[in-house]
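# What the coordinates show
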Amino acid sequence: MSNVPWLSVLWLVPLAGAALVILVPPGLRQLAKWIGLAFGLLTLAVAVVITAGFKAGGPTYQFVESHSWIPSFGAGYTLGVDGIAVVLVLLTVVLIPVLQVAGWNDGGERTRGVHAYIALTLAIESMVLVSVIALDVLLFYVFFEAMLIPMYFLIGGFGQGSGRSRAAVKFLLYNLFGGLIMLAAVIGLYVVTAKHGAGTFDFRAIVDAVQHGRLGVDPAVLKALFLGFMFAFAIKAPLWPFHRWLPDACVEATPATAVLITAVMDKVGTFGMLRYCLQLFPDASTYFRPLIVTLAIIGVIYGAIVAIGQKDMMRLIAYTSISHFGFIIAGIFVMTSQGQSGSTLYMLNHGISTAAVFLIAGFLVTRRGSRLIADYGGVQKVAPVLAGTFLVAGMATLSLPGLAPFVSEFLVLLGTFNRYWLAGAFGVTALVLAAIYMLWLYQRVMTGPVAAGNEKITDLKARELLVIAPLIALLIGLGVYPKPVLELINPAVANTMTTIGQHDPAPSVPPGTAAPDRAPRTAEGPHR
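Residues numbered from 1 in each chain as written. Predicted model: local features only at pLDDT ≥ 70, side-chain atom pairs only at ≥ 80, totals over all residues. Heavy atoms only, no water.

To be explicit about the condition: UniProt positions are given in the numbering used here, feature names are shortened, and annotations may be inferred rather than shown by experiment.
The name given to the chain in an unreviewed UniProt entry is NADH-quinone oxidoreductase subunit M, with the source organism recorded as Mycobacterium servetii. In UniProt, the chain has this text filed under Sequence similarities (unreviewed entry): "Belongs to the complex I subunit 4 family."

Here is the structure:
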């Protein structure tokens with residue numbers, strides 16, 4: 001097993017699947033779908049093998065592969081996974097087959113539309129996986145940017161809204177601009193490493209040099225490089241106020257593509273913050289920490305408030321993701337072990353809960369032909385299973401105890417309170433706002449008398465239940481027993497905290513609030 005390059009196999013399997021699907025003759029649409037699903041499940045199987053072989057208490061990076069790529073630039077084909085990467089790999093490979101089944105009828109009526117749709121989805125999976133397992137900064141950057149192209153075509157070519165072309169261009173321009181700034185920072189980082197020997201893009205070598213003070217660079221330069229990386233990740237994640245592309249993209253895309261954006265691709269942005277921003281630039285991260293935490297908390301509240309006022313069901317769900325990304329980013333940058341463990345777990349749980357909400361809402365919109373909340377009412381009377389699963393997914397979105405997102409949100413808030421109690425206090429208000437937008441949405445859509453035009457809405461079919469059932473099971477299972485995932489995450493978080501030289505704040509009591517000394521009690525009572 002140790003001789004098998006499992007990480008290379010992991011990302012090459014979906015890429016090979018994409019190529020094979022394109023070669024299928026145009027008339028064999030069903031065959032193309034089954035081939036795509038088979039390669040999605042095969043990738044899942046490879047990820048399970050990697051997870052089973054990963055030792056939580058072992059070396060930080062495991063299954064490492066390292067080969068020369070561009071020797072003259074110090075760039076290598078270097079792969080490896082820590083506990084955080086394993087969790088995000090699992091999220092990706094679990095969701096892709098689910099989305100393939102959910103979007104079974106997507107792809108349009110064009111001659112090779114289905115083939116292109118499936119191939120693009122598999123290509124994005126491959127590129128996301130490389131981004132998560134790369135241990136070379138240049139290799140990461142190449143695939144971080146490359147995934148924009150297939151996503152552009154998924155939004156613009158296969159979206160269901162009339163504004164899909166505009167949304168696709170907006171998505172591409174925002175992210176390409178962020179990537180351009182990051183490219184300058186990547187080049188700058190190479191120049192910095194070249195001042196003290198051969199330049200390198202090796203992530204571990206650069207982190208080691210930073211830890212031991214061997215870079216010898218002006219702190220202002222490192223702050224500028226940090227901002228270059230952070231700007232690209234803030235657009236991808238997205239962090240308020242760089243979020244403007246996300247609602248349009250999610251509304252105009254198919255529900256499966258919207259999930260691919262928010263639950264899979266955007267996680268590369270928050271992962272990049274946790275791995276690259278913090279570990280390559282620990283001092284700069286600490287310097288900008290108050291600003292980023294402030295922006296994150298603003299995003300938490302902004303996303304929730306704007307969601308409350310939406311008339312479009314899919315746009316409402318998109319804004320809830322902006323709020324959740326605020327929690328994830330805040331947890332990363334408060335730099336506490338609870339916050340970072342909670343953020344990593346939040347990436348996983350948000351991916352699952354958002355997938356459930358988006359897909360169930362998409363099934364409903366497909367039946368009714370409208371995204372407007374006002375067109376619905378009484379759906380639970382004609383489609384009780386659809387309404388019931390939407391309720392569970394909605395409760396997960398507002399972090400109801402017993403469902404998966406509660407644990408991660410609690411950890412993020414705990415870590416935030418330990419470092420910035422005021423930011424934590426503002427963050428808690430989002431819990432109330434989330435209850436408002438989600439319960440109000442459920443009430444208007446699912447309860448009450450059956451609205452005109454909703455009488456013929458049918459309940460979930462077997463294929464749709466096959467999509468939703470695993471997501472609901474994961475939401476309940478991880479809500480009740482998150483320990484196996486946290487056992488993967490915690491050692492990697494501890495390594496990150498050590499690398500950036502941060503420690504959890506010691507509990508303290510404000511002056512003047514300490515309890516007065518009291519005489520010890522005895523069996524006879526207090527001394528007098």
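### Quick look at unusual backbone geometry
Applied cut-off: Here a strand is any run of E in DSSP of at least two residues, a helix any run of H or I of at least four, and the numbering for each starts at the N terminus. Partly exposed describes any residue whose relative accessible area lies between the buried limit of under 20% and the exposed limit of over 50%, with all areas from a 1.4 Å probe on protein chains only and scaled to the type maximum.
Of note, the bond from Ala237 into Pro238 is cis; its omega dihedral lies within 30 degrees of zero at -10 degrees. Although it is not a glycine, Phe63 adopts a positive phi angle of roughly 55 degrees. The residue Ser399 is not glycine, and still its phi comes out positive at about 65 degrees. For Ser399, the location among the structural elements is in the loop between helix H17 (384-397) and helix H18 (404-419). Residue Ser399 is classed as buried on the basis of its relative accessible area of 8%.

### Structural notes on the pattern of salt bridges
Where we set the bar: We define a salt bridge as a side-chain nitrogen of Lys or Arg found within 4 Å of a carboxyl oxygen belonging to Asp or Glu.
The full count for this structure, using the stated rule, is eight salt bridges. Asp248 is the salt-bridge partner of Arg166, the closest N and O atoms lying 3.8 Å from each other. On the criterion of sequence distance, the pair formed by Arg166 in helix H7 (residues 164-194) and Asp248 in helix H10 (residues 245-252) is long-range, its members being 82 residues apart. When its relative accessible area of 59% is taken as the criterion, Arg166 is described as exposed. Residue Lys170 is joined to Asp248 by a salt bridge in which the shortest nitrogen-to-oxygen separation is 2.9 Å. In this pair, Lys170 is assigned in helix H7 and Asp248 in helix H10, connecting sequence segments 78 residues apart. Exposure class is identical for Lys170 and Asp248. Each is buried. When salt bridges with common partners are traced through the structure, they connect Arg166, Lys170, Asp248 and Arg315 into a single cluster.

### Digging into the packing of aromatic side chains
Just so we agree on the cut-off: Only Phe, Tyr and Trp rings take part, Trp by its six-membered ring, and two of them pair if their centres are within 6.5 Å. Stacked means planes under 30 degrees apart, edge-to-face means over 60, and tilted covers everything else.
Within the structure shown, the criterion is met by 23 aromatic pairs. Centroid distance Phe203 to Tyr276: 5.2 Å. Interplanar angle 65 degrees. Geometry classified as edge-to-face. A residue pair is termed long-range when its members are at least 10 positions apart, and Phe203 in helix H8 (residues 203-211) and Tyr276 in helix H12 (residues 267-280) qualify at 73 residues. One exposure class covers both Phe203 and Tyr276, and it is buried. Residues Phe229 and Phe233 carry aromatic rings whose centres are separated by 6.3 Å and whose planes lie at 55 degrees to one another, so their mutual orientation is tilted. Of this pair, Phe229 and Phe233 are both found in helix H9 (residues 219-236), four residues apart, which corresponds to roughly one turn of the helix. Looking at Phe233, the relative accessible area reads 0%, which means it is buried. Within the aromatic cluster, the residues linked to one another by ring pairs are Tyr61, Phe140, Phe144, Phe203, Phe226, Phe229, Phe233, Tyr276, Phe281, Tyr287, Phe288 and Phe333.

### Some thoughts on the confidence of the model for the chain
What counts is decided by this rule: Values of pLDDT, ranging from 0 to 100, describe the predictor's confidence in every residue of the model. Pairs of residues are marked as contacts when any of their non-hydrogen atoms sit within 4.5 Å.
With 94% of its residues at a pLDDT of 70 or more, the chain has an overall mean of 88. Per-element confidence in the chain ranges from a low mean pLDDT of 40 for strand S3 (residues 521-522) to a high of 94 for helix H1 (residues 6-23). Counting contacts from residues 514-528, a segment whose pLDDT is below 50, to residues more than four positions away or on other chains yields four contacts.

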